[in-house]
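# Survey of secondary and tertiary structure
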Protein chains: 2
Amino acid sequence: MPPRKRATITDVAAAAGVAASTVSRAFTHPGRVNVHTREHVLAVAEELGYAPNPAARALESGRTRTLALLVPDITNPYFAGVIKGAERGAAAAGLTLVLGDTAENPAQEAQLVRRLGPAVDGFVLSASRLPDEELRRAADLNPIALVNRATPGLACVVADFDSGTRQIVDHLASLGHHSLVFLGGPPESWSGARRWAGLRAAAEERGLGATRFGPYVPALAGGAAAADAAIAAGATAVVAHNDMLAIGVMLRLAERGVDVPGDVSVVGFDNIVGADFCNPPLTTLAERTEEAGARAVEAVAAQVLSRTDDPPTRVLPTQLVVRRSSGPVPG
Amino acid sequence: MPPRKRATITDVAAAAGVAASTVSRAFTHPGRVNVHTREHVLAVAEELGYAPNPAARALESGRTRTLALLVPDITNPYFAGVIKGAERGAAAAGLTLVLGDTAENPAQEAQLVRRLGPAVDGFVLSASRLPDEELRRAADLNPIALVNRATPGLACVVADFDSGTRQIVDHLASLGHHSLVFLGGPPESWSGARRWAGLRAAAEERGLGATRFGPYVPALAGGAAAADAAIAAGATAVVAHNDMLAIGVMLRLAERGVDVPGDVSVVGFDNIVGADFCNPPLTTLAERTEEAGARAVEAVAAQVLSRTDDPPTRVLPTQLVVRRSSGPVPG
DNA sequence: TTGAAAGCGCTAACAC
DNA sequence: GTGTTAGCGCTTTCAA
């Protein structure tokens, strides 16, 4: 069964008694056509419910006016902000956004990049799991911007983890803690590595001890093992790979009768929806995820217009949101 | 600046020493080409990094192998499940998913439908705010499936609110409550109307009183006003339009020293991420949002293949998840 | 089994 | 200011 028939530019041209090219101009170069003809053409188009066929435009121009955003897990609230920001940025630039879920799987990510490549003008890759080399190869075919992943030669938007981790360490130090335990996430996570590196450096600077446990599943479910390890180690302050893990940790701590923040302070990363209403509300490092998404789209759009040799890396500020899960060291 | 050059079918044909049509066949009708030629062609294509241009295919066939999913608010965790399910369904059918955020705005939704129409094979509209008539008009041009919205003549996937609301009322009745207060969401919300209608009917059946307050903003922020109204009315059980509102209500109740569930029981709708870790964990009606997304995609895909006169309405079961926010009536 | 040629809807280059 | 024409990359007749 054929798709419903839509009015084409020829239909409009015939109905308006002009050439197809005039209809085309009326839409794309309104200035280059007589005001009267244009209005007439637009009226006829409206009446016929005509809308230009993007596929045909794309074929001619090589531009699809479409961007793809690939995220590891659409349901992860962290990416909701990135998606929202990218959506907003794309809409502002008159671009369509295609969304892809890579299921945290590099192979799936590579396949999507390959398959979507010819259909889009560029990619925003959020928390990409692809090796640097593969990213660069993909960037030869399509403009790419990375979110929370830095690869030399590619446009990147990253959170300022150096400042962020220092804020966390300063906060814990000011509460009298002498050491912290980092509950790590997936080993391949670029931002996970940056978080730990930053914490470690800041802790050393401040004379705090810092230990890393894990890797744990960066989800509620990963919290039990992480919390048990932290308890066994006698930690007074734990910093989790992300908020979901942090909340999972607090759930387990409560289950085991450990008071937060009385016995243990808990800090997360991301400031997701829910960090404000979990129990106790979570102290966490807020990233500007929406802005990151929007900026990444901008970066790709800019590269579409003029290929840059040295695309920029943008560092977005981070801010520690102190809630009730962190408090003075016990004793 | 022109987009990067990609290998075209002609490049592959030239490199393989065959005609373009043979390359085309090697990809689309593998059976109709000599095994040797095909393998050779595919090898050359692989080497050149060739991938068929979807825009060109779409132009010829009128099929884009792309579906659009429109949601009122991407960041709302409720829609994360729908998105995930739709994404999965689309991937399974070899379709690309385009995502659009309508910002809860009917005009924006209409514009997206219009603009995306020629670029996609069909739409999944989640919690559409469009009037029935407009939906039907859009359905003349593109196959459409609705999620949690029923419009005669269109394919719909809806949650079983009749059963769901009965489960809620039965649960409250079994706890000894004599009446409930419904804290309503947006007046245009189809599912909001269904929820209230169901609660009301079930309450009457069970001999419980049921009152509706609102409308409130269906978000954390709407909770304060809603909670205050419930307190003023002396409610022992409140059912909120959705989980975000319910959690917002609990936050305000805690602030005002009202114990949940000691003084007031709170029930939500949606079972979002966070309903399990808010304080206290929320009793809520779980919908199968992922399945809804996947089924809706299936429904659209089926209509693409053969236009049906009477597309089906699918009702998905709902299940009350009892957590600690609901308890025996006080006194 | 394969090649040549036409055409999908649109835009741009070139006439007039 | 507007019409004519060619061609974007691909699939699909139609011949061979």
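Above this note sits the structure.
Residues numbered from 1 in each chain as written. Chains lettered and ligands numbered in written order. Predicted model: local features only at pLDDT ≥ 70, side-chain atom pairs only at ≥ 80, totals over all residues. Heavy atoms only, no water.

## Things to note about the overall build of chain A
Worth spelling out the cut-off: A run of H or I in DSSP counts as a helix once it spans at least four residues, and a run of E counts as a strand once it spans at least two, with each numbered from the N terminus. For this measure, only C-alpha atoms enter the radius of gyration; the expected value for a globule follows 2.2 Å times N^0.38, where N is the number of residues. In this scheme, a residue with accessible area under 20% of its type's maximum is buried, one over 50% is exposed, and one in between is partly exposed, where area comes from a 1.4 Å probe on protein chains only. To measure how exposed things are, a 1.4 Å probe is used in the Shrake-Rupley method; for residues, cover is taken only from the protein chains shown. Positive: Lys, Arg. Negative: Asp, Glu. His and the chain ends are not part of the count. By convention, the charge on Lys lies at NZ, on Arg at CZ, on Asp at CG and on Glu at CD.
The number of helices and strands found in chain A is 12 helices and 12 strands. For 331 residues, the compact-globule estimate of 2.2 N^0.38 gives 20 Å, and the C-alpha radius of gyration of chain A, at 25 Å, exceeds that figure by more than 25%. Each principal axis of the C-alpha distribution contributes one length, and for chain A these read about 90 × 40 × 40 Å. Looking at the 331 residues of chain A, the share that counts as buried comes to 51%. Per element, the accessible surface of chain A, about 13,800 Å² overall, is 52% carbon and sulfur. Charge-centre separation for chain A: the mean point of 31 positive side chains lies 5 Å from the mean point of 34 negative side chains.

## Observations regarding the nonpolar core
Threshold: Buried residues of nine kinds, namely Ala, Val, Leu, Ile, Met, Phe, Trp, Tyr and Cys, make up a nonpolar core once their side-chain atoms join them within 4.5 Å.
Ranked by size, the top nonpolar core spans 105 residues in total, and within it Leu69, Val238 and Val266 of chain A together with Leu69, Val238 and Val266 of chain B carry the most contacts. Phe123 of chain A together with Ile144, Leu146 and Leu154 of chain B belong to the second-largest nonpolar core, a separate cluster that totals 36 residues.

## A closer look at the protein's contact with DNA strand D
Selection criterion: The criterion for a residue being near a molecule or strand is simple. One of its heavy atoms has to lie within 4 Å of it. Between N or O atoms, a polar contact is any pair within 3.5 Å; within protein, one atom must be a potential hydrogen donor and the other a potential acceptor, and residues adjacent in sequence are included only when both atoms are from side chains.
Close to DNA strand D lie 24 residues; Ser21, Thr22 and Asn34 of chain A together with Ile9 and Arg57 of chain B are nearest. One nitrogen or oxygen atom from the side chain of His29 of chain B is found 3.2 Å from a phosphate oxygen belonging to DNA strand D. Taken together, the elements giving at least two residues each to the surface near DNA strand D come down to α2 (20–28) and α4 (54–61) of chain A together with α2 (20–28) and α4 (54–61) of chain B. At four residues, the largest contribution of residues to the surface near DNA strand D is made by α2 of chain B.

## Overview of unusual backbone geometry
Cis geometry marks the peptide bond from Asn279 of chain A to Pro280 of chain A, where omega comes out at -10°. In this structure, Pro261 of chain B follows Val260 of chain B across a cis peptide bond, with omega equal to 10°. Within the secondary structure, Pro261 of chain B is located in the loop between α11 (243–255) and β9 (265–270). Unlike most non-glycine residues, Ala103 of chain A shows phi in positive territory, near 55°. In the Ramachandran plot, Arg65 of chain B falls in the positive-phi region, its phi being about 55° despite a non-glycine side chain. Relative to the helices and strands, Arg65 of chain B is located in the loop between α4 and β1 (66–71).

## Points about the relation of the copies chain A and chain B
In plain terms, the rule: Alignment of copies: least-squares fit on C-alpha atoms of residues with pLDDT of at least 70 in both copies.
Taken as rigid bodies, chain A and chain B are interconverted by a rotation of 180° and an axial shift of 0.1 Å, the fit giving an RMSD of 0.2 Å. Put plainly, the chains are arranged around a two-fold axis.

## Digging into the interface of chain A and chain B
Heads up, the condition is: Two residues qualify as a contact provided that any one of their heavy atoms is within 4.5 Å of a heavy atom in the partner residue. Defined in terms of a 1.4 Å probe, buried area is the accessible area two parts forfeit on being brought together, summed over both. Only one rule defines a salt bridge in this text: a Lys or Arg side-chain nitrogen within 4 Å of an Asp or Glu carboxyl oxygen.
Taken together, the 62 residues of chain A in the interface contact 62 residues of chain B. Here chain A packs against chain B, burying approximately 5,000 Å² in sum over the two surfaces, 58% of which is carbon and sulfur. Salt-bridge contacts for Arg114 of chain A lead to Glu46 of chain B; the nearest nitrogen and oxygen are separated by 3.9 Å. The interface formed by chain A and chain B includes 11 residue pairs in polar contact (both at pLDDT 80 or more).

## Re the sheet that holds strand β8 (residues 237–240) of chain B
Two pairing modes exist for strands in a sheet, parallel and antiparallel, and in both the strands are linked by backbone hydrogen bonds. Residues and elements named next belong to chain B. Rules: A pair of strands is considered paired only if DSSP assigns at least 2 bridges between the two. To obtain an axis, a line is fitted to C-alpha atoms, over the contacting stretch when the element is a helix, and the angle between two such axes runs from 0 to 180 degrees between their N-to-C directions.
Strand order in the open sheet formed by six strands is β7-β6-β8-β9-β10-β12, with mixed pairing between adjacent strands. At either end of the open sheet lies a strand with only one pairing partner, and these are β7 (209–213) and β12 (319–321). Averaged over all pairs of adjacent strands, the angle between strand axes in this sheet comes to 20°, irrespective of strand direction. Examined bridge by bridge, strand β10 (residues 283–286) and β12 share three bridges and lie antiparallel to one another. Note on β12: the bridge partner recorded for Thr284 is Val321.

## Overview of the protein's contact with DNA strand C
Put simply, the rule is: Residue classes follow a fixed rule: Ala, Val, Leu, Ile, Met, Phe, Trp, Tyr, Cys and Pro count as nonpolar, while Asp, Glu, Lys and Arg count as charged, and any other residue, Gly among them, counts as polar.
DNA strand C sits among 24 residues. The nearest are Ile9 and Arg57 of chain A together with Thr22, Asn34 and Thr37 of chain B. Counting only atoms of DNA strand C within 4 Å of the protein, the fraction found in sugar and phosphate groups is 66%. A distance of 2.8 Å separates a phosphate oxygen of DNA strand C from a polar atom in the side chain of Tyr50 of chain A. One of the side-chain N or O atoms of Glu60 of chain B is found 3.2 Å from a base nitrogen in DNA strand C. Secondary-structure elements contributing two or more residues to the surface near DNA strand C are α2 and α4 of chain A together with α2 and α4 of chain B. The leading source of residues in the surface near DNA strand C is α2 of chain A, at four residues. A class-by-class count of the residues in the surface near DNA strand C yields eight nonpolar, 10 polar and six charged.

## Observations concerning helix α1 (residues 9–16) of chain B
Helical geometry note: an α-helix holds 3.6 residues per turn, so side chains three or four residues apart project in the same direction. All names here are of chain B. Rule in force here: Note: the arc covers the axis-to-C-beta directions of the helix.
Taken as a whole, α1 has its buried residues at Val12, Ala13 and Ala16. Within α1, the buried residues cover an arc of 100° as seen down the axis, which keeps them to one side. Summarising the contacts, the buried residues of α1 are in contact with α2 and α3 (35–48). Backbone geometry just after α1 places Gly17 at a positive phi near 70°.

## Observations regarding the state of the cysteines
Here, disulfide denotes a covalent bond that connects the sulfur atoms of two cysteines. Under the convention used in this document: For the purposes of this analysis, a disulfide is any pair of cysteine sulfur atoms at a distance within 2.5 Å.
For the structure on display, the rule yields zero disulfides over all chains. The thiol sulfur of Cys278 of chain A is not disulfide-bonded, and the nearest other cysteine sulfur, from Cys278 of chain B, lies at 9.8 Å. In this structure Cys278 of chain B comes out as buried when scored by relative accessible area, which is 4%.

## Some details on the pattern of salt bridges
Oppositely charged side chains can pair when the atoms bearing their charge come close. All names here are of chain A. According to the stated counting rule, one finds 36 salt bridges over all chains in the structure shown. With a closest N to O distance of 3.2 Å, Arg252 and Glu255 form a salt bridge. Of this pair, Arg252 and Glu255 both sit in helix α11 (residues 243–255), three residues apart, which is roughly one turn of that helix. According to the relative accessible area criterion, Arg252 is partly exposed, its value standing at 22%. Among the ionic contacts, a cluster of salt bridges with common partners joins Asp228, Arg252, Glu255 and Arg256.

## Let's talk about the environment of Thr308 of chain B
Here Thr308 of chain B shows up in the loop between α12 (289–305) and β11 (313–316). As a C-alpha pair, Thr308 of chain B and Ala294 of chain B span 14 residues in sequence and 19 Å in three-dimensional space.

It is worth stressing that arrangement in space is one thing and function is another; only the former is reported here.
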